Amino acid sequence: MLPNLKTRRVTGLQLAGKHLGPVAKCPPRYSEEDWDYNNKIKFRITCDQEKLAERIVEESRRVVDETKDTTKNWQREVEHHMRERTSEIRFLVDELNRQKKTALLEDDTLNTYRNRVLSAIEFLKEKSLAICKQCLILREGRIGVDLCDDEVDRSLRRELKVIKGCQGLADAALKEAEEQIRKLRAAMYLLDQDLSAKDKSLAIDEKNLKLKEFQHDLGKGQDLSKQHCQFSLTEWQAQTYENLEANSKALVSAGQLRAYIDLLLKQICEDMQNQTDRTNEAFDRRIAETKHVKQCLENKHKDTMDHIHQVQRNMSELEKEMSDKQRAITLCQTRLSNRAHRPGLELTCDMVQDALYNELQALKASVCKLNQKLNENKASMRYLMHVQVMQEEEINIKSNTCKIDEVDCMTLRQALKYTSF
């Protein structure tokens, strides 16, 4: 409808009367001016709408081009950042894998050192301590005066003290090694967790890099623009570097502990070998002294037996001599008895009678002297027999001591060889 047309329009129908039907009215009539004006207005509206449409189309094309450029720029920037991100993650993954490999090697090496310490503890307990105590117990089997607190006993007690001191150091080193293994494995666990997370993140970003907008299997993405990340990039980097630093510290501590264990085991070997050598030297000296004393006693025992035999022979000679003197006394007494039967004045004290009396007295004195010497020889024999028994007892004591020290103890101590653990 043209708003400026100055004409009347009749619309609808008019009724001629109350009971009459509707009468059609003539359509409105316009003037040529209205017709011309209407055409101009329609043309102008058409031209305006065409220009507006052309401008909208042009602007739409410009917006499409701008959005294409913007989208491509953002996609390039996102892909660039993703490539940088994947490179950074890959670098950290490589570093984590390198640290993990080093940590695994260090864990194996530390376990080897732990086993070395266990071997040292077991050797000290099963060999050194047991043999030292067994030697002390065996030496309690000495008898007599040989059961004394000699240099060997003192060396064995010092050796026992050194063994217990080495055991204490080895036990402490074992606890430190186990604690260091625990710390190293804790650091490796954190590395594993970080590696697992970064592998997943790397796989996601690499998958995103391969995605293109023209693919048909993109699926329906969710609008996560309002979702906020839980951690910042600084926190992410700090966490990874903290894990790497913790692992590096654990590796450094493990290396220092291994060096300490090497030095400790070497020192334990040297201390134990030196003390064992000193104890063995004390055993050797004591065995040599005991053998020397035993040899001297055996020589003296031989001399004593010779003296016993000599005294026995001397007693036999004395007894024979006394028997001879007794027969001489009997002869003298018989002669005196016979001369006592001389008749009358013939029973005089002549020189024969005096000689017989003197001979009898001399014989009796000789018998007394011989009897005294015989008693002295018998006493000497008793003393020599006592000395012989004493010597034999001492020889048995020394033989028992030599058996304990040389055979029993030194045979056991041959197993004490401290080369390395």
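Source: prediction; values computed, not measured.

(A) Highlighting the overall build of the protein chain. From N to C terminus, the protein chain includes 4 helices and 2 strands. In the protein chain, the succession of α and β elements from N to C terminus is β-β-α-α-α-α. For the protein chain, with 421 residues in total, the buried portion stands at 29%. Long-range contacts, defined here as pairs at least 24 residues apart, represent 86% of the contacts in the protein chain between residues at least 6 apart. Carbon and sulfur atoms provide 55% of the accessible area of the protein chain, an area that totals close to 29,100 Å².

(B) Just the packing of helix 1 (residues 32-139) against helix 4 (residues 351-413), in detail. Where helix 1 contacts helix 4, the axes come no closer than 10 Å and their chain directions differ by 170 degrees. Here helix 1 lies roughly antiparallel to helix 4, going by the angle between them. For the pair formed by helix 1 and helix 4, the contact residues are I131, Q134, C135, L138 and R139 on the first element and I404, D405, D408, C409, L412 and R413 on the second. A breakdown of the residues in the contact of helix 1 with helix 4 according to their chemical character gives 6 nonpolar, 1 polar and 4 charged.

(C) View of the nonpolar core. Core analysis: the largest hydrophobic core is formed by 38 residues, its most contacted members being I261, I268, M272, Y418 and F421. Beyond its immediate stretch of four places on either side in the chain, I261 contacts Y113, V117 and A177. By size, the runner-up hydrophobic cluster in this structure holds 16 residues, among which are L318, I329, V367 and L384.

(D) Region of the structure containing the pattern of salt bridges. Overall, the coordinates contain 34 salt bridges when judged by the stated rule. Here D146 makes a salt bridge to K398, at a shortest N to O gap of 3.2 Å. A residue pair is termed long-range when its members are at least 10 positions apart, and D146 in the loop between helix 1 and helix 2 (151-210) and K398 in helix 4 qualify at 252 residues. Given the relative accessible area of 6%, D146 is considered buried. Given a relative accessible area of 8%, K398 falls into the buried group. The shortest N-O distance in the salt bridge between E406 and K291 comes to 2.9 Å. Of the two residues, E406 is situated in helix 4 and K291 in helix 3 (residues 233-339); the sequence distance between them amounts to 115 residues. Since its relative accessible area comes to 39%, K291 is described here as partly exposed.

(E) Structural view of the layout of surface pockets. Put simply, the largest pocket is a space of about 440 Å³. What lines the largest pocket is a set of 14 residues, among which R85, F231, S232, E235 and W236 lie closest to the centre. Those elements that provide at least two residues to the lining of the largest pocket are helix 2 and helix 3. For the lining of the largest pocket, the leading source of residues is helix 3, giving 5 residues. Of the residues in the lining of the largest pocket, the class split is 5 nonpolar, 5 polar and 4 charged.

(F) Inspection of helix 1 at higher detail. End to end, helix 1 covers 152 Å across 108 residues, agreeing with the expected 160 Å (1.5 Å per residue, within 8%). The sharpest bend along helix 1 measures roughly 35 degrees and falls at L124.

(G) Structural context of the UniProt feature "coiled-coil region" (unreviewed entry) in the protein chain. As recorded in UniProt, the feature "coiled-coil region" (unreviewed entry) lies at residues 167-194 and 301-335. Helix makes up 100% of residues 167-194 and strand 0%, and the two end C-alpha atoms of the span are 40 Å apart. Across residues 301-335 one finds 100% helix and 0% strand; the C-alpha atoms that close the span lie 50 Å apart.

(H) Spatial organisation of the packing of aromatic side chains. Following the criterion strictly, the structure yields 1 aromatic pair and no others. Ring centres of F123 and Y418 lie 5.4 Å apart, and the angle between their planes is 80 degrees; this geometry places the pair in the edge-to-face category. Within this pair, whereas F123 is found in helix 1, its partner Y418 is found in the segment after helix 4, the two being separated by 295 residues in sequence. Y418 sits in the buried class, given a relative accessible area of 7%.

(I) Broad picture of a negative patch on the surface. A grouping of E58, E59, D65 and D69 is seen on the molecular surface, where their side chains present a negatively charged patch. Mapping D65 onto the fold places it in helix 1.

(J) Molecular detail of the side chain of Q167. Along the chain, Q167 turns up in helix 2. Those residues within four positions of Q167 in sequence are excluded, and the remaining contacts are L124, K125 and L129.

(K) Quick peek at the environment of Q295. As for its placement among the helices and strands, Q295 is situated in helix 3. Under the relative-accessibility criterion, Q295 is labelled partly exposed at 40%. Distance in space between the C-alpha atoms of Q295 and I395 is 8.5 Å, their sequence separation being 100 residues.

(L) Representation of the packing of helix 1 against helix 2. Interaxial distance between helix 1 and helix 2 falls to 6 Å at its minimum, and their mutual angle equals 165 degrees. Considering their axes alone, helix 1 and helix 2 lie roughly antiparallel with respect to each other. Note that helix 1 runs across helix 2; the crossing there is left-handed. Of the residues in the contact of helix 1 with helix 2, the class split is 31 nonpolar, 9 polar and 22 charged.

Analysis parameters
Residues numbered from 1 in each chain as written. Predicted model: local features only at pLDDT ≥ 70, side-chain atom pairs only at ≥ 80, totals over all residues. Heavy atoms only, no water. Helix = DSSP H or I, 4+ residues; strand = E, 2+ residues; numbered from the N terminus. Buried < 20%, exposed > 50% of the residue type's maximum accessible area, 1.4 Å probe, protein only. Contact = heavy atoms within 4.5 Å. Areas by Shrake-Rupley, 256 points an atom, 1.4 Å probe, with all protein chains shown as cover. Axes fitted to C-alpha atoms, helices over the stretch in contact; angles between N-to-C directions. Parallel < 35°, antiparallel > 145°, perpendicular 65-115°, else oblique. Nonpolar A, V, L, I, M, F, W, Y, C, P; charged D, E, K, R; others polar. Core = buried A, V, L, I, M, F, W, Y, C linked by side-chain atoms within 4.5 Å. Salt bridge = Lys/Arg side-chain N within 4 Å of Asp/Glu carboxyl O. 1 Å grid on protein atoms, 1.4 Å probe; cavity = no way out; pocket = protein on both sides within 12 Å on 5 of 7 lines; lining within 4 Å. Points joined across faces, edges and corners; volume = space filled by probe spheres on them. Expected span 1.5 Å × (residues − 1). Bend = angle between axes of the 7 residues up to and from the residue. UniProt positions renumbered as here; feature names shortened; annotations may be inferred. Phe/Tyr/Trp six-rings, centres within 6.5 Å; stacked < 30°, edge-to-face > 60°. Patch = residues over 30% accessible without salt bridge, like charges linked within 9 Å, V, L, I, M, F, W, Y side chains within 5 Å. Lys, Arg positive; Asp, Glu negative; His and termini not counted. Charge placed at Lys NZ, Arg CZ, Asp CG, Glu CD. Left-handed = near helix turned anticlockwise from the far one by under 90°.

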